[in-house]
Amino acid sequence: MAKTIKISKGLDIKIDGRAVEKISNIKPASVIEINPSHFHGITPKMLVKGGEVVKVGSPLFYNKNFEAMNFVSPVSGTVREVVRGERRKVMSIVIDTDQEIDYLKFDVKNSADEIKELLLTSGLWTLIKQRPYDVIANPNKTPKAIFISTFDSAPLAPDYEFVMKDKIDEFQAGVDTLAKLTSGKVHLGLNAKKSIFAKISGVETTVFKGPHPAGNVGIQINHVNPVNKGEVVWTINPQDVVVIGRLMKRGVVDLTRTVALTGPEVANPQYFETVACNNISEMVKGNVKSTTYPLRYISGNVLTGIKISENGYLTPYATQITVIDEGSETHELFGWAMPRLNKFSASNMFFTKLLPNKTFKWDARLLGGRRSIIMSGEWDKVFPMDILPEHLIKTMMAHNIDRMENLGAYEVAPEDFALCEFVDTSKLPLQAIVREALDVLRSEVE
Amino acid sequence: MSNLRKFIDKIKPNFLPGGKFEKLHSTFDAFETFLFVPNTTSKSGVHIHDAVDSKRTMIVVVLALLPALLFGMYNVGFQHYNAIGQADAGFWQMFWFGLLAVLPIVVVSYVVGLSIEFAGAQIRKEEVQEGFLVTGMLIPLIVPVDTPLWMIAVATAFAVIFAKEVFGGTGMNIFNVALVTRAFLFFAYPQSMSGDQVWIRTKDTFGLGGGAVVDGFSGATPLGQVATSTEAHTQIVDMFGQSYSLLDTVIGLIPGSIGETSVIAIALGALLLLITGVASWKVMFSVFAGGAFMGLVFNHFGPDTASANLPWIYHLTLGGFAFGAVFMATDPVTASRTETGKWIYGFLIGVLAIIIRVLNPGYAEGMMLAILLMNIFAPLIDFYVVDANIKKRLKRVQVNE
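Every value quoted in this text rests on a predicted model; they were computed, and no experiment measured them. (Residues numbered from 1 in each chain as written. Chains lettered and ligands numbered in written order. Predicted model: local features only at pLDDT ≥ 70, side-chain atom pairs only at ≥ 80, totals over all residues. Heavy atoms only, no water.)

The next thing to look at is the sheet that holds strand E4 (residues 44–46) of chain A. Residues and elements named next belong to chain A. Taken together, the three strands give an open sheet; going across it, the order is E4-E6-E7, and neighbouring strands pair in antiparallel fashion. Pairing within the sheet leaves two strands with one partner each, and these edge strands are E4 and strand E7 (66–72). Going across the sheet, the axis of each strand differs from the next one's by a mean of 40°, ignoring polarity. (Pairing = 2+ DSSP bridges. Helix = DSSP H or I, 4+ residues; strand = E, 2+ residues; numbered from the N terminus. Axes fitted to C-alpha atoms, helices over the stretch in contact; angles between N-to-C directions.)

If you want it as structure tokens, here you go:
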């Protein structure tokens, strides 16, 4: 019987628009765009230019700091152009897709070194992230363990019990492959309710029970085997484990995944089987409620996602699209005094706490002005790690390397602070602060 | 869209950079956000936010202070009419007298403090912060009713500028601003802040409630009586020598600073602060625990003086102890910011307040100094709590090696 860890701190935010269990297939759009900045912490060096023909799995660019690390095309077609911004920074790679999907074939081998090389050339290495710093794993370091959270507890997140039910074999293949790359174990974090992942073999399982962020892999690492200075742990999303499994079984890079279209502004929230970086317009067009007020399209969930436009592109790691009201045209009179029964607060300063089955009107407003840190203990309530969030954040703001290390900066990722940012009275951009500080830490230490 | 919103949108460009009144941008922004929740949307990070903000939080604290304010107004009238021998004056007459006496102090405190806040925000080109909404209400509640208004103005200005603005505004201050105001008054104008002449208004207010003070009147506060007593045991009495029961000190129809006398009114505020979670119950509870502990220690092992022999429970109900514990010690900015630290911080405030009261006859009241002193030590307490977390992390590395 797997060990059960109960998380008590945290918060489940109630939002309408959970995806119903229905999957539609969406083909790659006629044009797709890949934005290298969505792979955080790498410097892209282009391998293709306008007019070149690419297959699924053909390298588009590589990481200047680690030349073997390729980033590959998720579709087959012709590169239309490489869009560059100031100082020739690569802004995006635009590809005209073919109707026929043409896969580049890879030779599958089985030793650890060969797997590593295969993953790097096939671009699938980029699916593996590491702690510390929450960036693509450094191929030169062997991780002490690999952590996979098999459930996503974020608001409206895709239900992997449903999404993965036909992909368990590929998942197992992926896990077996990854297991060869670590000196330690592969840890699976399981959902307390039920889990189809319980039957996966060759792994160490731990059951997590409690509100969001119980499903965040960072929380699970902190409770099972925390990252210390000098150590590296890898993390990977279950759907990406499947992609690695497919490569091992079929010798192709197939970046198809199941994406949940969710949110209160979506008319028919459901799942879509589609390729990474695809255009979202076919999924959302005619499928949203508002015709008058502006909407916010998010690649990802409401806490950690990236804002895109209504005909924007999925970000490389996204498994969810959320659509909410932008709220920029909403003006609430006397917000500080009104009861505001349609507004949610984790604090008890609103009566909505007394109405447990209430659904709320969400939008993208900050709902207040930015202030210095005033309230204390607020973040602790939604931060289930053995770390003092406020003190860590303050040292991160000050870029104090030594103290950051001591207070646990190696264990955290921006997403771990998402709930703190949500509940914060002072409306501080905590995830951005953490991201910047981790980058500074990385540049100083490595 | 409402006409009000249309009007604001029409005049708004004047206050933006490049507009006619760009120098008044902070002021305009303060009024706009007072009327409407700002419609700024998130650029990065979380896309939805909790509805709570700094304005809401501060308003909750102001609401929590209202019972103490209203009771204080009534008590000012009650004490006055008793002092001039008109104890049969009606409830509303007493309240009306108190209202007229207290309101000018509230107005002066807010006008002076908010003017400086607005100016400060404008100079720093920031939004006006809401912290003073609470401070401005606290100041009238912790001064004697007969404090001259000009003193309140000077002290408020001093505190807001030197205890807050120079540090960078709300959230950056080291000391509780209202208590700095009180301390400034206490040390700059001791004759107006202590003794037995300042706690009860004996003159008329705007011509209301005129009359001569009754013979045998004494306006000393209970704690003042205890501190000046030469006996080993003293009976605390009202202005005509009738003794006060414990219940009297809880109800609070006794002389003292305007808002501090009624434990019941303060408890109502405390209840609101605790239910809404604005104040830390750990701090609040541990201040009382510290006070009770030290009171008991002095009851059993202390010197044989009136203040050491005062039963511990009276230490909690008299003077500013309850008010300080509920509204001052819990100020999140100046209190300890770690959860463990809050226990220590609160407990030491309670302990120190009683030590000052008992061992220093010069200060009848110790709460103000105890909290200001612990404001200094709060970062030190946090330092050790944070250090313990760091050590635990370092130990983990060693175990692994």
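On we go.
The next subject is the side chain of threonine 156 of chain B. Following the sequence through the fold, threonine 156 of chain B ends up in helix H6 (residues 149–164). Threonine 156 of chain B has contacts with Ser109, Val112, Gly113, Phe132, Ile139 and Thr181 of chain B, leaving out every residue within four places of it along the chain. (Contact = heavy atoms within 4.5 Å.)

Here we come to the interface of chain A and chain B. Each partner contributes residues to the interface: chain A has 74 residues there, and chain B has 57 residues. Summing the contributions of chain A and of chain B, the shared interface buries around 5800 Å²; its carbon and sulfur component is 55%. On the chain A side of the contact with chain B, Trp336, Met349 and Arg371 of chain A bury the most area, a combined 15% of that side's loss. Summed over the shared surface of chain A and chain B, the result is six salt bridges. A salt bridge links glutamate 411 of chain A to arginine 396 of chain B; the shortest N-O distance between them is 2.7 Å. (Buried area = accessible area lost by both parts, 1.4 Å probe. Salt bridge = Lys/Arg side-chain N within 4 Å of Asp/Glu carboxyl O.)

Residues and elements named next belong to chain A. End to end, helix H3 (residues 168–179) covers 16 Å across 12 residues, agreeing with the expected 16 Å (1.5 Å per residue, within 8%). Burial analysis of H3 places nine of its 12 residues in the buried class, which makes it a mostly covered element. Among the residues of H3, those classed as buried are Ile168, Glu170, Phe171, Gln172, Ala173, Gly174, Val175, Thr177 and Leu178. Of the surrounding secondary structure, the elements contacted by the buried residues of H3 are helix H1 (112–121), strand E12 (145–149), strand E13 (185–191) and helix H5 (238–250). (Expected span 1.5 Å × (residues − 1). Buried < 20%, exposed > 50% of the residue type's maximum accessible area, 1.4 Å probe, protein only.)

A sheet is described by the order of its strands in space; here four strands give the open sequence E3-E9-E8-E5 (chain A), paired in antiparallel fashion. Strands with a single pairing partner mark the edges of an open sheet, and in this sheet they are strand E3 (31–34) and strand E5 (53–54) of chain A.

Residue and element names in this part refer to chain A. Domain boundaries in chain A define domain 1 (8–28 + 255–335), domain 2 (29–97), domain 3 (108–250) and domain 4 (370–445). Look at where the C-alpha atoms of domain 1 and domain 3 centre, and you get two points 25 Å apart. Contacts between the two partners involve 29 residues from domain 1 and, on the opposite side, 24 residues from domain 3. Note on domain 1 versus domain 3: buried area summed over both sides is about 2100 Å², and carbon and sulfur give 56% of it. On the domain 1 side of the contact with domain 3, Tyr271, Tyr317 and Thr319 bury the most area, a combined 25% of that side's loss. Our count for the contact surface shared by domain 1 and domain 3 stands at two salt bridges. (Domains from an automatic or database assignment.)

For the rest of this paragraph, the subject is the environment of valine 54 of chain A. Residues and elements named next belong to chain A. Checked against the element boundaries, valine 54 lands in strand E5. What makes valine 54 buried here is its relative accessible area of 3%. Between the alpha carbons of valine 54 and threonine 97 there is a distance of 9.2 Å; along the sequence they are 43 residues apart.

On to the side chain of arginine 5 of chain B. Inspection of the secondary structure assignment puts arginine 5 of chain B in helix H1 (residues 3–15). Among the polar contacts made by the side chain of arginine 5 of chain B, one reaches the side chain of histidine 331 of chain A at a distance of 3.4 Å. For arginine 5 of chain B, the contacting residues outside a window of four places in its chain are His331 of chain A together with Lys12, Glu32 and Phe36 of chain B. (Polar contact = N/O pair within 3.5 Å; in protein donor to acceptor, adjacent residues only side chain to side chain.)

Residues and elements named next belong to chain B. Along the chain, the position of aspartate 196 falls in the loop between helix H8 (190–193) and helix H9 (222–228). Residues aspartate 196 and glycine 224, 28 residues apart in the sequence, show an inter-C-alpha distance of 7.6 Å. In this structure aspartate 196 touches Gly219 and Ala220, once residues within four positions along its chain are discounted.

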